[in-house]
Amino acid sequence: MRLFSAASGLALLAALAGRSQGALARGFDAIESPVGSVDIADIVSLDLLASPDGDATVYVWGKLSDDDSDDDNDDACLVTVASSSLTSQISGAQADRLALKHKAIMLNGLTVDRVVIPAVKLGPVTLYDVPAVVPRQPTNNSACLQLSLPATGLAWAVMPSTGKLYLAPTAQGTQLTDKLGGTAIQATSVAAHRVRYGKLKIDLSSTAFLVDATIDDQPVAVALGLGRTTDVSPDVVLSGPSRAVGDRDYSWAHLRIGDTDLGSAWFQREPTWRYLSQGDDHPVMMGSVGDDILSHFDIASDGAGKLAFKLATEQVRLDPRPTLLAQAQADLETCLNPAQPPTGDDPDKPPGERCADQYARLASQALMAGDLETSLAARMAVAQAAPGVCENWSAVAELQLALGQTDNATQGFQQASTQFHAWWDLDGYQRDDARKKWSDLPEDQQKIAQIQPQPSACFVDDGMLALGLLIQGKTDKMKAIARDRTDLDPGLPAVYGAWLLMQDDVEAAHGPWRMVEHLSLGPALLAKAGLGRLFSQQGDWDSARANYQAALSIDDEDATVTGMWVDDMALRLGPDAALDEARAWAAQRPDSLAALFGLARAATLAGTDTAWLIAKADAVFAAHVQVAPLDANGLATWSRYLTATGRVEHGKRVAQRAIAVDPTVANAWLALAEAQQASGNAEDAKRSMLHAAQNSGQHPGYTLLLQGLR
């Protein structure tokens, strides 16, 4: 198959778009349209915010309004900006809050809801009549809106190096690209179009920025865009490391645009691009480049097709969580204020019931901000107002366990489990009868009824109860629960299986660990990691290796499984052989923080100087932390790597930073424990290990820490 130049690809795509416009009455053209108008007079700047979800997404503060008034009563919310298409996305909750009218659009056989937001305010800039779609499955839980920058008709620049998003009228777009400097290129836009593959017809969205590039020295027309994934046609031949994640295949490849080296990233093999090669004399090789690469660059558009980008060696992203928490606290105070009109339909309802939504929001924002005490108090208020709902006690108990209040947490899980089984242990006919009896009760008695409808999600409370009992040392009760209730929750046999490994009863442990996988309805990280440790304890390294590698194929960023694998490998094969295998594993995962930590751990066990690793790996960790400063798990893995390479005090500081970001991340507590142990603080290390087990004790890598605390 002859590979034509990217320029040929651009020309053919433009022709494709031109031919198919008339056929898209209900395609992407029904949801892709520019904003109605924009109120902007000059270049403005907005602060870039770090992602609360710990990823590389670009956030700013914004306000969504149902009119164009200057009313500032609406809270600012997180808005993500994207340059990948002309389609903006609004969360379902925000669309409901604004009472937006939905219009159903058919697209590729699916129904898409389209709305128009009357006003979106970004600092001094107001966008009027902003079209957006409401995704059925939101891809981002923190943002109220993903805004399409091309749909605004503005020039823009996202500059992490200054911590700013700049917006400007297109007449001043050249000032933005000149301000950024770096490499300037001309991009081509391609309108929405339909392609055919046999009888299959598929609509493709508009591409705002299509450029000539090379991927591993092969010319490819790539779509550039914040908010995109990074992918490539399967017809492009790549020879670098490859991996499979579920049903997705990835290859590690190097990207160059013109004379600019943009570095390497994982390119997902995307079959959709293949459709563009069908029915024409010359195939079109295509791909797209998204946040995986672009998050490391300042990037600007003059609004007329010219792009500029420059590596951002330092990045500034502000933490939005304190503001979100303060807003949630203010909303709750307003709801609780006796001088305010009641928010519910009954002014006599207790505060925990009348303001349940505000309490829940406060609990979520406090948890995101790492304030577990405030989150617990909010969850407790809801649970006390509706004490018969198992889910409420589950949420309370999980926070109590994370805070180290094991006795209280065990009582909460016991209550939730009892309520769950009182309902779900009834057969279907009995539940129907019980539901009718419960419905006939007065409302105050419904709340405290011993048997009442319960959400199915509480099936996990048996496993959490078992964990609490194991931490308390009440193993007889834990074993009884595992014996009687191992039928739904994979977390329950995971706890029991870990206890059997602690007892070195590996033969008996086979059943529980295989039950974990059975109840998970497929390969599970917990099951594979547990079986890896089990077979290692039996001396069967071939089986142990197979299970560890299966676990890491499920999540190759789990530093704790990586550490278990390296430790057991060094024990069974010897430190030098373990180092060789860890080196080969890391070579196939060039950007994996966990693989680099595993390599550092293996080098330390082998007594090898780690200067060679530090020279390469430090830059990988630094780049990750730059774009995702609120990724507590990434920070924790960095800490463990620092400790493994002998920089213990630095590792301790980074572990403390990870805990401050999210104290529920077990990997962060284990990182702190390793740093404390390396500096001779054995008692502090034990306390940190206990916190790790309390936060993720169904994971064998953390449950097994309890063995060293007895």
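Draft legend 1. Structural context of the overall build of the protein. Looking only at helices and strands, one finds 28 helices and 24 strands in the protein. In terms of overall size, the protein behaves like a compact globule, its C-alpha atoms giving a radius of gyration of 28 Å where 710 residues would be expected to give roughly 27 Å. Across its three principal axes, the protein shows a C-alpha extent of roughly 70 × 70 × 50 Å. Burial statistics for the protein: of 710 residues in total, 52% are counted as buried. Pairs at least 24 residues apart make up 64% of the contacts formed inside the protein by residues separated by at least 6 positions. Counting every atom, the protein has about 29,900 Å² of accessible surface; 50% of that belongs to carbon and sulfur.

Draft legend 2. Expanded view of helix 20 (residues 559-573). For helix 20, spanning 15 residues, the distance from its first C-alpha to its last is 20 Å, which sits close to the expected 21 Å at 1.5 Å a residue. Across the 15 residues that make up helix 20, a large majority, eleven, are buried. Buried residues of helix 20: A559, T560, V561, T562, G563, M564, W565, V566, D568, M569 and A570, and no others. For helix 20, the N-terminal cap is D558; the gap from its side-chain oxygen to the backbone nitrogen of T560 is 3.0 Å.

Draft legend 3. Expanded view of the nonpolar core. With 93 residues, the main nonpolar core has W513, L534, W565, W638 and Y641 as its most contacted residues. Setting aside its immediate chain neighbours within four residues, W513 contacts A494, G497, A498, L501, L526, A527, G530, L531, L534 and P700. Within the second largest apolar cluster, 60 residues are counted, among which are I90, V120, L122 and A253.

Draft legend 4. Highlighting the environment of W513. Mapped onto the secondary structure, W513 falls in helix 17 (residues 506-519). A C-alpha to C-alpha distance of 48 Å links W513 and V158, two positions 355 residues apart in sequence.

Draft legend 5. The arrangement of the pattern of salt bridges in detail. All chains considered together, the criterion is met by 22 salt bridges. R589 is the salt-bridge partner of D556, the closest N and O atoms lying 3.7 Å from each other. Residue D556 is found in the loop between helix 19 (541-554) and helix 20, and its partner R589 is found in the loop between helix 21 (575-587) and helix 22 (593-605); the two are separated by 33 residues along the sequence. What makes D556 buried here is its relative accessible area of 13%. Close ionic contact of R640 with E674 constitutes a salt bridge, the shortest N to O distance being 2.8 Å. In this pair, R640 sits in helix 24 (residues 632-644) while E674 sits in helix 26 (residues 666-678), placing the two residues 34 residues apart along the sequence.

Draft legend 6. Structural view of the sheet that holds strand 2 (residues 44-47). With antiparallel pairing, six strands are arranged side by side in an open sheet as 2-11-10-23-24-12. One side of each edge strand has no neighbouring strand; the edge strands of this open sheet are strand 2 and strand 12 (183-186). In this sheet, adjacent strand axes meet at a mean angle of 15 degrees when their direction is disregarded. As judged from the five bridges shared by strand 10 (residues 155-159) and strand 11 (residues 164-168), these two strands associate in the antiparallel manner. Bridge assignment links A157 to a residue of strand 11, and that residue is Y166.

Draft legend 7. Focus on the packing of helix 21 against helix 22. Closest axis-to-axis distance for the helix 21/helix 22 pair is 8 Å, and the angle between their directions is 160 degrees. In terms of orientation, helix 21 and helix 22 fall into the roughly antiparallel class. The two elements helix 21 and helix 22 cross, and the hand of that crossing is left-handed. Together, P575, A578, L579, A582, R583, W585 and A586 of helix 21 and A595, G598, L599, A602, A603 and L605 of helix 22 make up the contact between the two elements.

Draft legend 8. Main features of the pairing of strand 19 (residues 242-245). In this structure, strand 19 lies alongside strand 20 (residues 248-257), joined through four bridges in antiparallel fashion. Along strand 20, the bridge assignment pairs A244 with D249.

Draft legend 9. Just the confidence of the model for the protein, in detail. Predicted confidence across the protein gives a mean pLDDT of 89, with 92% of residues reaching 70 or more. Predicted confidence for residues 1-25 stays below pLDDT 50, and this span has 47 contacts to residues more than four positions away or in other chains. In this model residues 278-283 is a low-confidence stretch, pLDDT under 50, and it forms ten contacts with partners more than four residues away in sequence or in other chains.

Draft legend 10. Quick peek at the pairing of strand 21 (residues 260-269). Of all ten residues that make up strand 21, seven are buried, and the element is covered over most of its length. Two elements, strand 18 (residues 231-232) and strand 21, share two bridges in a ladder whose sense is parallel. When the sheet's bridge partners are listed, V232 is paired in strand 21 with R269. With eight bridges joining them, strand 20 and strand 21 adopt antiparallel strand pairing. The residue of strand 21 that forms the bridge with Y250 is Q268. Two successive antiparallel strands, strand 20 and strand 21, enclose a turn made up of two residues, where G258 displays a positive phi of approximately 60 degrees.

Draft legend 11. Seen up close, helix 16 (residues 491-502). With twelve residues, helix 16 ought to run about 16 Å at 1.5 Å a step, and its terminal C-alpha atoms sit 17 Å apart, in line with that. G491, L492, P493, A494, V495, G497, A498, W499, L500, L501 and M502 are the residues of helix 16 that are buried.

Draft legend 12. Spatial organisation of the side chain of D302. Relative to the elements of secondary structure, D302 occurs in the loop between strand 23 (297-301) and strand 24 (306-311). We note that D302 is buried and unpaired, the nearest opposite charge coming from K306 at a distance of 5.7 Å. Within the structure, D302 has its side chain in polar contact with the backbone nitrogen of G305 (distance 3.3 Å). Aside from chain neighbours lying at most four places away, what touches D302 is A155, T170, G173, T174 and T177.

Draft legend 13. Region of interest: the environment of V566. Looking at where V566 falls in the secondary structure, it is placed in helix 20. Taking C-alpha positions, V566 is 9.1 Å from L605, a pair spaced 39 residues apart along the chain.

About the cut-offs
Residues numbered from 1 in each chain as written. Predicted model: local features only at pLDDT ≥ 70, side-chain atom pairs only at ≥ 80, totals over all residues. Heavy atoms only, no water. Helix = DSSP H or I, 4+ residues; strand = E, 2+ residues; numbered from the N terminus. Rg over C-alpha atoms; globule rule 2.2 N^0.38 Å. Buried < 20%, exposed > 50% of the residue type's maximum accessible area, 1.4 Å probe, protein only. Contact = heavy atoms within 4.5 Å. Areas by Shrake-Rupley, 256 points an atom, 1.4 Å probe, with all protein chains shown as cover. Expected span 1.5 Å × (residues − 1). Polar contact = N/O pair within 3.5 Å; in protein donor to acceptor, adjacent residues only side chain to side chain. Core = buried A, V, L, I, M, F, W, Y, C linked by side-chain atoms within 4.5 Å. Salt bridge = Lys/Arg side-chain N within 4 Å of Asp/Glu carboxyl O. Pairing = 2+ DSSP bridges. Axes fitted to C-alpha atoms, helices over the stretch in contact; angles between N-to-C directions. Parallel < 35°, antiparallel > 145°, perpendicular 65-115°, else oblique. Left-handed = near helix turned anticlockwise from the far one by under 90°. pLDDT = per-residue confidence, 0-100. Lys, Arg positive; Asp, Glu negative; His and termini not counted.

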